[in-house]
Amino acid sequence: MCVLDVGTGTGFLAILMAQSGYCVTGIDSSEKMLREAEQAAQINEMSIHFECGNAQQLDFASNTFEVVVSRNLTWNLPNVTAAYTEWLRVLKPGGILLNFDSNYGSVNFAAEAEKKENVHHKLDKKILWECENLKKDLSISQKNRPQWDLQCLQRVGFVDCSYCADIRPMVHCSQDMQYDTLPLFALCGYKPVYCNM
């Protein structure tokens with residue numbers, strides 16, 4: 001079974017999927033992140049194909065993957081609808097999309113970082129304000145998520161769509177993960193079995 005990890009970052013989901021026996025491709029727009037992902041895969045003795053790519057314009061043929069996964073990506077995409085449309089295109093009929101994200105539009109990163117317990121407390125405040133200003137310009141920051149995402153998936157052609165509003169109790173098991181106070185949602189949708197896309 002072939003899995004595409006979109007916005008793989010340091011390869012966290014890609015490695016988990018490879019450890020579960022899947023054939024995994026991870027893409028990211030950052031060459032630096034991809035180098036870290038390759039190192040992490042080597043350390044974990046996992047064979048994963050990583051390449052530079054655009055989440056909103058994938059360089060894969062239609063009907064290539066059984067599963068598309070993404071984590072902490074859609075909140076910072078300029079055009080989430082385009083991304084969801086592309087993810088549907090590259091899925092094989094009957095394939096599943098799993099997206100894990102948070103509604104970061106409702107949070108002021110710089111203000112939150114003022115709190116000593118915040119994981120970003122020691123970061124350069126200038127960078128945090130720059131990130132905050134960039135985030136404000138993204139239309140996804142104004143959406144009510146994950147409800148908006150669910151409707152978007154349905155509009156572009158996914159079926160049997162659903163979400164869990166907060167999976168933190170299931171996945172934030174270590175103390176290192178307790179810094180993020182926003183709900184982490186899990187969103188899924190299927191490509192129709194009879195789809196000519």
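Above: the structure in question.
Fair warning: this is a prediction, and the values are worked out from it, not measured in the lab.

Would you mind showing me how to read helix α2 (residues 31–43) here?
Count 3.6 residues to each turn of an α-helix, and residues three or four apart come out pointing the same way. For α2, spanning 13 residues, the distance from its first C-alpha to its last is 19 Å, which sits close to the expected 18 Å at 1.5 Å a residue. Of all the positions in α2, only L34, A37 and A41 are classed as buried. Buried residues of α2, seen end-on, are gathered within an arc of 60 degrees and therefore sit on one face of the element. Along α2, exposed side chains directed more than 90 degrees from the buried face belong to K32, Q42 and I43. As for α2, its buried residues are in contact with α1 (12–19), β2 (23–28) and β3 (49–52). E45 sits one or two residues past α2 and shows a positive phi near 55 degrees.

Would you explain the sheet that holds strand β1 (residues 2–6) in this entry?
Two orientations exist for strands paired in a sheet by backbone hydrogen bonds: parallel and antiparallel. Strand order in the open sheet made by the seven strands is β3-β2-β1-β4-β5-β7-β6, with mixed pairing throughout. Every interior strand has two partners, whereas the edge strands, β3 and β6 (159–164), have only one. Each neighbouring strand pair of the sheet contributes to a mean axis angle of 15 degrees, computed without reference to strand direction. In the sheet, β1 pairs with strand β4 (residues 65–71) via four bridges, with the strands oriented parallel. Looking at the pairing, V6 lines up with S70 of β4. Here helix α6 (residues 147–156) sits on the sheet in contact with β5 (91–102), β6 and β7 (184–190), set at roughly 170 degrees to β6.

In this structure, what is going on with the side chain of N103? I would like to understand it.
For N103, the position within the fold is in the loop between β5 and α4 (109–113). Taking relative accessible area as the criterion, N103 reaches 18% and is therefore assigned buried.

I would appreciate a short explanation of helix α3 (residues 80–90) in the present structure.
In terms of burial, α3 is a largely internal element, eight of the 11 residues being buried. Buried within α3 we find V80, A83, Y84, E86, W87, L88, R89 and V90. Lining the buried residues of α3 we find β1, β4, β5, α6 and β7. If you check the start of α3, you find a side-chain oxygen 3.3 Å away from the backbone N of T81, and it comes from N79.

How do you make sense of the environment of N63 when you look at a structure like this?
By the secondary structure assignment, N63 is in the loop between β3 and β4. In sequence terms N63 and L73 are 10 residues apart; their C-alpha atoms lie 22 Å from each other. Engagement of the side chain of N63 in a polar contact is seen with the side chain of K191, the distance being 2.8 Å.

Help me understand the pattern of salt bridges, please; the structure alone is not making it clear to me.
Oppositely charged side chains can pair when the atoms bearing their charge come close. All told, the structure shown has seven salt bridges when counted by the stated rule. A salt bridge links E36 to K32, with the nearest nitrogen and oxygen atoms 3.4 Å apart. You can see E36 and its partner K32 sitting in helix α2, four residues apart, about one turn around the helix. For K32, a relative accessible area of 53% gives the class exposed. Notably, a salt bridge pairs K92 with E66, separated by 3.0 Å at the nearest N-O pair.

I keep staring at the nonpolar core and nothing clicks. Help me out?
For soluble globular proteins, the rule of thumb is that nonpolar side chains tend to be buried together. Ranked by size, the top nonpolar core spans 29 residues in total, and within it L4, V6, V68, Y84, W87, L97 and F158 carry the most contacts. Those elements giving two or more residues to this core turn out to be β1, β4, α3, β5, α6 and β7. Considering each element in turn, this core owes the most residues, six residues, to α3. The contact partners of L97, leaving out residues within four places of it in the chain, are V68, Y84, W87, L91, L153, F158, L187, C188 and G189.

Please explain the environment of R145 as it appears in this structure.
Here R145 shows up in the loop between α5 (125–136) and α6. By relative accessible area, which is 6% here, R145 ends up buried. Considering only alpha carbons, one finds R145 and W75, 70 residues apart in sequence, at a separation of 9.4 Å. Each residue touching R145, except ones within four places of it in the same chain, is listed here: T74, W75, Y84, N99, D101, S102, N103, I140 and F185. Side chain to side chain, R145 and T74 meet in a polar contact 2.8 Å long. A polar side-chain atom of R145 sits 3.2 Å from a polar atom in the side chain of D101.

About the criteria used
Residues numbered from 1 in each chain as written. Predicted model: local features only at pLDDT ≥ 70, side-chain atom pairs only at ≥ 80, totals over all residues. Heavy atoms only, no water. Helix = DSSP H or I, 4+ residues; strand = E, 2+ residues; numbered from the N terminus. Expected span 1.5 Å × (residues − 1). Buried < 20%, exposed > 50% of the residue type's maximum accessible area, 1.4 Å probe, protein only. Arc of directions from axis to C-beta. Contact = heavy atoms within 4.5 Å. Pairing = 2+ DSSP bridges. Axes fitted to C-alpha atoms, helices over the stretch in contact; angles between N-to-C directions. Polar contact = N/O pair within 3.5 Å; in protein donor to acceptor, adjacent residues only side chain to side chain. Salt bridge = Lys/Arg side-chain N within 4 Å of Asp/Glu carboxyl O. Core = buried A, V, L, I, M, F, W, Y, C linked by side-chain atoms within 4.5 Å.

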